[in-house]
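The lines below spell out each chain.
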Amino acid sequence: KNRLQYAIPGGLIGVGTLIDPSLTRANRLSGQILGAVGTLPAVYVELSVDYFLLRRLIGVKSEGEDGPAKVQKLVKHEFLNLNVGSSVAGGSVLYAKKGRARLALKTPVCTEIVNCPYHQAPGLKLWHNSS
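Predicted, not measured: the structure shown is a model, and the values here were computed from it.

**Details of the pattern of salt bridges**
Okay, step 1: In total, this model carries one salt bridge according to the counting rule given.
Okay, step 2: A salt bridge links Arg-102 to Glu-46, with the nearest nitrogen and oxygen atoms 2.5 Å apart. Of the two residues, Arg-102 is situated in strand S6 (residues 100-110) and Glu-46 in strand S1 (residues 43-50); the sequence distance between them amounts to 56 residues.
Okay, step 3: The exposure class of Arg-102 is partly exposed, given its relative accessible area of 23%.

See the structure below:
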């Protein structure tokens, strides 16, 4: 047995657990966070974000047009895939208006909010899982 001193993003580590192997099949735990109770970031089930849409999709043509397809506005109940860390979480649009949207996540995400100039959303508001 080797004691792990630290892990870095992108590094592969093996973790032995006593959980049911059916929970770990087909990479189901890929992108998940492991930590001692009370040391993990908060879990979120909904979020509200400021966003902007590109005018056209690159590499996608719509019917009857020669150029790239135009991007449609977000609509209620539209399903979006969100990248949170190394995991992908689906979310349904609860409302979208004037560059602001509120999303209900299909699966909760455990993450820290980090101020990053490249990924900063000025109107980001989060709702914690109450359970």
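Text resumes after the structure shown.
**Some details on the nonpolar core**
Okay, step 1: Of all hydrophobic cores here, the largest spans 13 residues; its most connected members are Leu-47, Leu-80, Leu-103, Leu-105 and Val-109.
Okay, step 2: Residue contributions to this core peak at four residues, all from S6.

**Remarks on the layout of surface pockets**
Okay, step 1: Taken as a whole, the largest pocket encloses approximately 1400 Å³ of empty space.
Okay, step 2: Looking at the lining of the largest pocket, the elements with two or more residues in it are strand S5 (87-97) and S6.
Okay, step 3: The leading source of residues in the lining of the largest pocket is S6, at four residues.
Okay, step 4: Considering only residue class, the lining of the largest pocket consists of 19 nonpolar, twelve polar and one charged.

Rules of the game
Residues numbered from 1 in each chain as written. Predicted model: local features only at pLDDT ≥ 70, side-chain atom pairs only at ≥ 80, totals over all residues. Heavy atoms only, no water. Salt bridge = Lys/Arg side-chain N within 4 Å of Asp/Glu carboxyl O. Helix = DSSP H or I, 4+ residues; strand = E, 2+ residues; numbered from the N terminus. Buried < 20%, exposed > 50% of the residue type's maximum accessible area, 1.4 Å probe, protein only. Core = buried A, V, L, I, M, F, W, Y, C linked by side-chain atoms within 4.5 Å. 1 Å grid on protein atoms, 1.4 Å probe; cavity = no way out; pocket = protein on both sides within 12 Å on 5 of 7 lines; lining within 4 Å. Points joined across faces, edges and corners; volume = space filled by probe spheres on them. Nonpolar A, V, L, I, M, F, W, Y, C, P; charged D, E, K, R; others polar.

Nothing here speaks to function; it is all geometry.
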